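Spelled out, the chains give:
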Amino acid sequence: MKSILLIGLGRFGRHIAIKLRELNHQVMAVDHDEEKVQEILPYVTNAQIGDSTSESFLASLGVGNYDVCIVAIGNDFQSSLETTSLLKELGAKLVVSRASRDVHEKFLLRNGADEVIYPEKQLANWTAIRYSSDHILDYIELDGEHAVYEVSIPSHWIGKTVGEMDIRRKYNINIMGLKDGDKLELTVTPDTVLEESKTLLVLGRYKDILRCFRQ
Ligand code: ATP
């Protein structure tokens, strides 16, 4: 269980709070809007009304005690930047800030954010990749080039073994596992048979994945 300080309870912050509760983490939620704080109370361990650009207010929260501090303020960049920078100065262990423009991302990283989440851009990338290919069902980006993809098995591969397809040598793609509904199979050998009900978890470069699975 992690302790998380969540600042900014707009739609984005609210979704984060609800998910964190589902995952059983301890959340302190903060917003300067009393109504937002009232609305979030059923989902969080604790909540406070306050201005996160006030150093004394942030200091009173003991920001250094949280495992993660999330700044979920998106539109008010001035507030987001000041909050991010203060959190770091006050000894926050990990500051994750939300950006809503490319230039914000850079400034946040230079001014105290350890990591930046950029929901519109990240989800736009995901949507473009997911829906422009017939085989890619999901993916998690590892760096600008590599990702783990969940792909459906092309029909002409069904019934063949992993060894027969030999995609590591031919396409530079590693099969890390297979998924059958919610069940994960992480032991893959050259004799593993590719069955129609399953999907593949593969690690590789986007262009190699497209080449291998021909969109
Ligand atoms: P969303 O896109 O998540 O719905 P929004 O459009 O309502 O957000 P934002 O400016 O991104 O508005 O702010 C997100 C939340 O952060 C709001 O609920 C706002 O009240 C809160 N907030 C903004 N600045 C501060 C601040 N300095 N201190 C505390 N809370 C703040």
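Preceding this paragraph is the structure being described.
Residues numbered from 1 in each chain as written. Predicted model: local features only at pLDDT ≥ 70, side-chain atom pairs only at ≥ 80, totals over all residues. Heavy atoms only, no water.

### What to know about the sheet that holds strand β8 (residues 146-152)
Across the sheet, which stays open at both edges, the five strands sit in the order β7-β8-β11-β9-β10 with antiparallel pairing between neighbours. Among the strands making up the open sheet, the edge pair consists of β7 (136-141) and β10 (183-185). Across the sheet, the mean angle separating the axes of adjacent strands is 25° when strand polarity is ignored. In terms of strand pairing, β8 meets strand β11 (residues 199-205) through seven bridges, oriented antiparallel. By the bridge assignment, His 146 is partnered in β11 with Arg 205. With respect to the sheet, helix α6 (residues 119-131) is in contact with β7 and β8, its orientation differing from that of β7 by roughly 145°. Against the sheet, helix α9 (residues 206-213) makes contact with β7, β8 and β11, and its axis sits at roughly 135° relative to β11, the strand it touches most. (Pairing = 2+ DSSP bridges. Helix = DSSP H or I, 4+ residues; strand = E, 2+ residues; numbered from the N terminus. Axes fitted to C-alpha atoms, helices over the stretch in contact; angles between N-to-C directions. Contact = heavy atoms within 4.5 Å.)

### Focus on the site of the ligand
Not every one of the 18 residues close to the ligand is listed here, only the nearest: Arg 11, Asp 31, Asp 51, Gly 74 and Asn 75. Asp 31 has a polar side-chain atom sitting 2.6 Å from an oxygen atom of the ligand. Contact between the ligand and His 32: a nitrogen atom at 3.2 Å from a main-chain N or O atom of the residue. Summarising the interface, the protein chains cover 86% of the accessible area of the ligand, which totals 620 Å² for the free molecule. Within the shell around the ligand, the residues separate by chemical class into three nonpolar, nine polar and six charged. (Near = heavy atom within 4 Å. Polar contact = N/O pair within 3.5 Å; in protein donor to acceptor, adjacent residues only side chain to side chain. Areas by Shrake-Rupley, 256 points an atom, 1.4 Å probe, with all protein chains shown as cover. Nonpolar A, V, L, I, M, F, W, Y, C, P; charged D, E, K, R; others polar.)

### With respect to the packing of aromatic side chains
How two aromatic rings sit relative to each other is given by the distance of their centres and the angle of their planes. The full count for this structure, using the stated rule, is five aromatic pairs. Measuring from centroid to centroid gives 5.6 Å for Tyr 139 and Tyr 149, while their planes differ by 20°, and the two rings are stacked. Of this pair, Tyr 139 sits in strand β7 while Tyr 149 sits in strand β8, and the two are ten residues apart along the sequence. Of the two residues, Tyr 139 and Tyr 149, both sit in the buried class. Members of the aromatic cluster, joined through ring pairs, are Tyr 139, Tyr 149 and Tyr 206. (Phe/Tyr/Trp six-rings, centres within 6.5 Å; stacked < 30°, edge-to-face > 60°. Buried < 20%, exposed > 50% of the residue type's maximum accessible area, 1.4 Å probe, protein only.)

### Observations regarding the nonpolar core
Note that soluble globular proteins tend to have their nonpolar side chains buried in a common cluster. Tyr 149, Trp 157 and Leu 200 are the most contacted members of the largest nonpolar core, which totals 21 residues. Breaking this core down by element, the ones donating at least two residues are β7, β8, α7 (162-165), α8 (167-171), β9 (174-180), β11 and α9. Sequence-distant contacts of Leu 200, defined by excluding residues within four places in its chain, comprise Tyr 149, Glu 150, Val 151, Ile 153, Trp 157, Ile 175, Gly 177, Leu 178, Leu 194 and Phe 213. (Core = buried A, V, L, I, M, F, W, Y, C linked by side-chain atoms within 4.5 Å.)

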